[in-house]
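# Chains, contacts and geometry: an overview
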Amino acid sequence: MNQTGNYSCQAFNNKTLRSQTSQPSAVTVLAPVSNIKVNSSTTDILESSRSSVRLSCSSSGSSLSFLWLNSSSDVTASDRVQLTDKGSTLTIVNVTRYDQGPFRCHVFNHFSNCTSDPVNLLIIFGPENINLTLSPSQEYYDEGSDIILKCSAVSRPAALFHWFLNGDFLSETGPELRLMNIQMSRNGNYSCQAFNNKTMKNQTSHTAAIAVVKSQVSNVLITPNTTYLSEFSSSVRLSCSSSGSSLSFLWLNDSSEVTASDRVQLTDGGSTLTIVNVTRYDQGPFRCHVFNNFSNYTSDPVKLYISFGPEKTHLKLSPLQEYFKEGSNIDLMCSAVSRPAALFHWFLNGDRLSDTGPELRLMNIQMSQSGNYSCQAFNNKTLRYETSQPAAVFVLTPVSNVVVTSNNTHLVEFSSSARLSCSSSGSSLSFLWLNSSSDVTASDRVQLTDGGSTLTIVNVTRYDQGPFRCSVLNGASSGISQPVNLFIQHGPDNVAITGPESVHVGDFTMLYCSTMSVPSSTFTWLYNGKPTSLHEAVYVIKSIKSLDSGTYTCSAINAATGLSQTVSHKLTVVDFSDCSLAAGRASVVTAGCLIIIVTVCGTIVYGIRRKRVNNNYEAHQKEKLSVKENRSDVYKISVTENNLSSFEA
């Protein structure tokens, strides 16, 4: 190294005696890097804001450069890191646990380099982040189980551990506490404490609860303070007892869970169930289900006897009808919702009867037993009673002897009135009048009075003849009278003459005078305005003559009504000699005359047959009459009251 310097050369000419010197060339001789050592001002450093450390790097060699490494990372200057003495000194202020190294010093020059051995700093900190774990981890432990508690903490140097149970110091130390064959006496809250004998600090873990229970729940029993209660006024308390520990209780009403409400209270950790103002739905059966983490058991059922009612008291009649015939049998049945079963009393029109029990039998009932029946249900436990709705029983005498009487059966149409009275045995009677098969209802001509038993018809018409019947009924029976017919005198109406308008000399000729009339009218015939001696409905000319042509008038008179009606008929008689015409027309005229004869005769026969309603009646009786004035024979046809209908339109 002593040959280090700036070398130059000089050229000299011994002839010219001149010389020249070159530029100098520097020659540096360096010693190789070796013997690198790192020295620390201290190796045990307390992590704090006041702690610092200085590392010094020394090395053999010349023209040295220094580089510091923390593990494999370059160390550079910062607010906490200072590099001095050309980098050979590293100073760290406010040291932290992350400044522990390992630190190395790398020294180099232009020809060699070398790195020191690592230097570790012991940074003292903690304890912190203490943690307590249980193995196995569970909420409950069966008595006799083995449990391991482990405690850990971040600390340098390693922390010392102490153990506590419910805050009391235990003799055990170390990071692990083994509880072997644990008993219920060791239930409680466990914790551990970590201590650093360098920092003189400690930290306590959270507590870990260890609940030791017996494995089997048994002997579950429900004890009620009473089992006989009244609805809405009584309360009951059920107590559930059981062997075992760390017990939980669940109450069941039948299969439904019982929960607290304004009437239901669960106390003593759920082991006592209190029900205030019990209802019928609180009868149970109640069960107490007891459980812990290892077993469960359900008690035998307990039922409560809750008295309630009576309510919904109902009265039923059999048979169910509005009216009953005297002598009938009736059953009245009373029911009510009640516990215990209700006692029943019976009332008629509000008066108490001697009969008791849910059924009242009325045998061979009489009208005196009619009225409103009711029953009253009574509960001898709740001391409450309720009365049913009344049931009306109407006992009626059956309908019999229905008779209709009339004040007059012979009446004149439009001027007479008829009064029919209906009488009958029985009670609570209703009356219905029938004209043939039709109901009779009140109108301006028809009056129904006396509760319907009297029927008055004002200004009767022919259609009011009946037959009339009176139907009488009550709720129990009915009856109907024999028919009554009214004889309504009317007419004559619609007087008409039926017969030919034209006949031939010698024809048998019949004119029939018809009318609607009751009783039968008497007839008077006029020929060309002159009276004849004929007073019957049929005017017969056995062999008509030319002089019989003219106007025939029929006058019908009803002696009962005092009314009459007249009608006229014009008849033409054709002489056969009028039919003698030319030969070419003889056959035509003859045929024409024949047609006229047939037509006239057919009309007369049709008129007679048309008036016959019933062929069983003898329509008329013939008598040959002697007609004066040299005219044709006239036959009398008598009309009797029996065959009157045969001639009525």
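Each remark here, short or long, concerns the structure printed above.
Read on for a plain summary of the structure. (Residues numbered from 1 in each chain as written. Predicted model: local features only at pLDDT ≥ 70, side-chain atom pairs only at ≥ 80, totals over all residues. Heavy atoms only, no water.)

## Let's talk about the side chain of T89
Here T89 shows up in strand β11 (residues 89-93). Overall, the relative accessible area of 6% leaves T89 in the buried class. Non-local contacts of T89, meaning those with residues more than four positions away in its chain, are made with R54, L55, S56, W68, Q82, L83 and T84. (Helix = DSSP H or I, 4+ residues; strand = E, 2+ residues; numbered from the N terminus. Buried < 20%, exposed > 50% of the residue type's maximum accessible area, 1.4 Å probe, protein only. Contact = heavy atoms within 4.5 Å.)

## A closer look at the pattern of salt bridges
In total, this model carries 12 salt bridges according to the counting rule given. Between E231 and R280 there is a salt bridge; the shortest N-O distance is 3.0 Å. Taken together, the residues E231 in the loop between β24 (228-230) and β25 (236-243) and R280 in the loop between β29 (272-275) and β30 (286-291) connect sequence positions 49 residues apart. In this structure E231 comes out as buried when scored by relative accessible area, which is 2%. What makes R280 buried here is its relative accessible area of 14%. A salt bridge links D282 to R263; the shortest N-O distance between them is 3.1 Å. In this pair, D282 sits in the loop between β29 and β30 while R263 sits in the loop between β27 (256-257) and β28 (264-267), placing the two residues 19 residues apart along the sequence. According to the relative accessible area criterion, D282 is buried, its value standing at 7%. Using a relative accessible area of 25% as the deciding quantity, one classes R263 as partly exposed. (Salt bridge = Lys/Arg side-chain N within 4 Å of Asp/Glu carboxyl O.)

## Looking at unusual backbone geometry
Here the amide bond leading from R339 into P340 is cis, since omega sits at -5°, within 30 degrees of zero. Structurally, P340 can be placed in the loop between β34 (330-339) and β35 (343-348). The linkage connecting V518 with the following residue, P519, adopts the cis geometry, with an omega of -10°. Looking at the secondary structure, you find P519 in the loop between β52 (509-518) and β53 (522-527). One non-glycine residue, D268, lies in the positive phi region at around 55°. As for its placement among the helices and strands, D268 is situated in the loop between β28 and β29. Its relative accessible area of 58% is what places D268 among the exposed residues. In this model, D450 sits at a positive phi of 55°, which is unusual for a non-glycine residue. Within the secondary structure, D450 sits in the loop between β46 (446-449) and β47 (454-457). On the basis of relative accessibility, which here comes to 57%, the residue D450 falls in the exposed class.

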